[in-house]
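The primary structure of each chain is shown beneath.
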Amino acid sequence: MKVVICGAGQVGFGIAERLAGEQNDVSIIDANPRRIQIATEQLDVRGVVGHGSHPDVLARAGAEQADMLIAVTLHDEVNMVACQVGHSLFNVPTKVARIRAQTYLQSDWRGLLSRDHLPIDVVISPEIEVGEMVLRRLSLPGAIDTVSFADGSVVVAGVYCGETCPIVDTPLNQLTQLFPDLQATIVAINRGGKVSVARSGDHLLTGDIAYFVAQADQVGRTLSIFGHDEIPARRIIIGGGGNIGLYVAQELEKRNPGARIKLIEHNRERAQTIAESLSRSVVLQGDTLAREILDEAGVADSDTMLALTNDDRINILSCLLAKQLGAQRILALVNEQGYAGFAQGLGIDAYVNPRQITVSKVLQHVRRGRIRGVHSLLDGAGEMIEAEALETSPLVGRPLKDIDLLHDLRIGAIVRNGVVMLPRGDTVVRAQDRVVLYVGAENIKRVEQLFRVSLEFF
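Criteria and cut-off values
Along every chain, residues carry numbers that run from 1 in the direction the sequence is written. This being a predicted model, a pLDDT of at least 70 is required before a residue's local features are given, and a value of 80 or more before pairs of side-chain atoms are given or counted; all residues contribute to the totals for chains, interfaces and linings. With hydrogens and water set aside, each side-chain value is computed from the structure's full complement of heavy atoms. By definition, a salt bridge exists where a carboxyl oxygen of Asp or Glu is found within 4 Å of a side-chain nitrogen of Lys or Arg. To sort residues, take the accessible area from a 1.4 Å probe on protein chains only and compare it with the maximum for the residue type: under 20% means buried, over 50% means exposed, and anything in between is partly exposed. Helix numbers and strand numbers start at the N terminus; a helix is a DSSP run of H or I with at least 4 residues, a strand a run of E with at least 2. A contact between two residues is defined here by any heavy atoms of the two lying within 4.5 Å. Orientation is described by lines fitted to C-alpha atoms, with helices fitted over the stretch in contact, and by angles between N-to-C directions that extend from 0 to 180 degrees. Here the angle decides the label: under 35 degrees means roughly parallel, over 145 means roughly antiparallel, 65 to 115 means roughly perpendicular, and every other value means oblique. Each crossing gets its hand from how the near helix is turned against the far one by less than a right angle, where anticlockwise is left-handed and clockwise is right-handed. Basically, the charged four are Asp, Glu, Lys and Arg, the nonpolar ten are Ala, Val, Leu, Ile, Met, Phe, Trp, Tyr, Cys and Pro, and anything else, Gly included, counts as polar. Only centres within 6.5 Å qualify two rings of Phe, Tyr or Trp (six-membered ring in Trp) as a pair; their planes then separate them into stacked at under 30 degrees, edge-to-face at over 60, and tilted for everything else. Following DSSP output, two strands are said to pair if at least two bridges run between them.

Looking at an unreviewed UniProt entry, one finds the chain named Trk system potassium uptake protein TrkA and attributed to Azorhizobium oxalatiphilum.

**Student:** With reference to specific residues and values, describe the pattern of salt bridges.
**Tutor:** If charged atoms from side chains of opposite charge come close, those side chains can pair. A complete count under the given rule lists 20 salt bridges for this structure. For Asp30, the salt bridge goes to Arg35, with nearest N and O atoms at 3.6 Å. A relative accessible area of 8% places Asp30 in the buried class. By relative accessible area, which is 34% here, Arg35 ends up partly exposed. The partner of Arg434 in a salt bridge is Glu386, and the shortest N-O contact between them spans 3.1 Å. Placement of Arg434 in strand 22 (residues 434–440) and of Glu386 in strand 19 (residues 382–388) is noted, with a sequence separation of 48 residues between them. We classify Glu386 as buried; its relative accessible area is 4%. Each of Glu132, Glu251, Lys254 and Arg255 takes part in a single network of salt bridges with overlapping partners.

**Student:** Tell me what's going on with the environment of Ala259, and back it up with residues and numbers.
**Tutor:** Of note, Ala259 is situated in the loop between helix 8 (243–255) and strand 13 (260–265). In sequence terms Ala259 and Val299 are 40 residues apart; their C-alpha atoms lie 15 Å from each other. Those residues in contact with Ala259, other than ones at most four positions away along the chain, are Arg234 and Arg280.

**Student:** Give a description of the packing of helix 8 against helix 9 (residues 268–277) that names residues and reports values.
**Tutor:** Across the interface, helix 8 lies against helix 9 with an axial gap of 11 Å and an inter-helix angle of 20 degrees. With respect to their mutual orientation, helix 8 and helix 9 come out roughly parallel. Classified by chirality, the crossing of helix 9 by helix 8 is right-handed. When helix 8 is examined against helix 9, the residues Asn243, Leu246 and Gln250 are found in contact with a partner set consisting of Arg270, Ile274 and Ser277. When grouped by side-chain class, the residues that make up the contact of helix 8 with helix 9 number two nonpolar, three polar and one charged.

**Student:** Give me the packing of aromatic side chains: which residues, what numbers.
**Tutor:** For the structure shown, the criterion picks out one aromatic pair. A centroid spacing of 6.0 Å and a plane angle of 15 degrees characterise the contact between Phe212 and Phe226, whose relative ring orientation is stacked. Taken together, the positions of Phe212 in strand 11 (residues 209–215) and Phe226 in the loop between helix 7 (219–225) and strand 12 (235–239) put the pair 14 residues apart, joining distant regions of the chain. For Phe226, a relative accessible area of 3% corresponds to the buried category.

**Student:** Go over the sheet that holds strand 8 (residues 154–160), please, and point to the residues and values.
**Tutor:** The sheet built from five strands is open, its strands ordered 7-8-11-9-10 with antiparallel pairing. The outermost strands of the open sheet, each flanked by one partner alone, are strand 7 (145–149) and strand 10 (194–197). Across the sheet, the mean angle separating the axes of adjacent strands is 20 degrees when strand polarity is ignored. Of the pairings in the sheet, the one linking strand 8 to strand 11 comprises seven bridges and is antiparallel in character. Counted as the bridge partner of Val154 is Gln215 from strand 11.

**Student:** Report on the pairing of strand 22, specifying residues and quantitative values.
**Tutor:** Most of strand 22 is tucked away, with seven of its seven residues classed as buried. Residue alternation in strand 22 divides its side chains into two sets, Arg434, Val436, Tyr438 and Gly440 and Val435, Leu437 and Val439, and both sets are buried. Sheet analysis places strand 19 next to strand 22, joined by seven bridges and oriented antiparallel. Its bridge partner lying in strand 22, Ala387 is registered against Val435. Here strand 20 (residues 409–416) pairs with strand 22 via six bridges, running antiparallel. If you follow Leu409 over to strand 22, its bridge partner there is Val439.

**Student:** Summarise the pairing of strand 18 (residues 371–377); cite the residues concerned and give the values.
**Tutor:** Of all the seven residues making up strand 18, six are buried; the element is thus mostly covered by neighbouring parts of the structure. The pairing of strand 18 with strand 19 spans six bridges and is classified as antiparallel. Residue Gly373 lies in a different strand from strand 19, and its bridge partner there is Glu386.

**Student:** Summarise the sheet that holds strand 2 (residues 25–30); cite the residues concerned and give the values.
**Tutor:** With parallel pairing, the six strands of this open sheet are ordered in space as 3-2-1-4-5-6. In the strand order of this sheet, the two ends are held by strand 3 (46–49) and strand 6 (122–124), each with one partner. Between one strand and the next, the sheet's axes are offset by a mean angle of 15 degrees, whatever the strand orientation. Strand direction decides the pairing type here: strand 1 (residues 2–6) and strand 2, joined by five bridges, are parallel. In the strand pairing of strand 2, Val3 is matched with Val26. Strands in contact with helix 2 (residues 33–42) are strand 2 and strand 3; relative to strand 3, the strand with the most contacts, it is inclined by about 175 degrees.

As structure tokens, this is what we get:
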């Protein structure tokens, strides 16, 4: 696949890294020569210095032969114009744009982003995606990573195996015998920062992070089996009143009427604007790192502290301070992957990586075949994928145990007509089934083979 990426920042570089690693033909554009130099030195990509919305720059990047244009610069308007130019001058089939300003996404104006006006095929809003991830973490406090698939009927969650985890040292194939009616499957294990496919004879060890696939109404019970019975938060402090912090507060007011929310924002004018936008939340103007502000917010009695500013260091430090002052649980927004492991080592309960979430969303539309959902684990070490099986798929019509292509993959659930089923060796996948599975980064092409559409299908 030939892909042109506009923007070589964290997200653009991350997308280029993943796609180039899968032997796609990738060109990346950025106005900053240093960013292009880093990208071309570290990745197998073609670099072009210039503005991604300029026709001559897109032409040099090979837009005329491109299968997809992905515009993820820091400026919404550049991303939108790049898609328009890619459509009008180069006839690029698929155009993806990152758009952060919420006014473009409001229902009154959403028609602007259509083929008749601005021909953008896929709009990605990082603030909404990240905000939804934060809300999912709040609803499942025992999980350190969560994502939903199959229209919400299936949930994938990562859970830490502590010293009190009841199923440590238990072979995974025995869990089915111990909990025969549990609709959950462990698909991957993160041990020491390395993610591997879970095998039926594997044992979980203290310190592991297990990733499981479960029917949505079975997630709470599955977490309790791992020793996590945490109750969803009701007393919540949000540090940072940017787009993400405001979105989370607004959605909490709608979805959790019993929640007591306090939001801290450093900028006085922004704090006043936020206060006018919220109906039940208390807005405090001050520094998230100031102890007196955290005391005023009632941090000692809080269930959860969410640090959602644009500065990773502030988020990490304010979380640690809140924990020291009595917050039961802390969650930080962490953009830099290097900070993520560092933060977890310091005792931060959970973190959210906007770059990883945005890259996952883009990859959902890059993957060939009927790929409906993608969630990247550990900055691309592996992926959770939801895909639809078509009649021409080699997965259809044969028992799973007889399919060689499933080596080094792990199917977690099959959804048929809205019913979630656990996979067994004798399970036969049918056309139109949705399959949720884990695959290591080195085997992504195999998944595309499993869910490909042959020419004969057309």
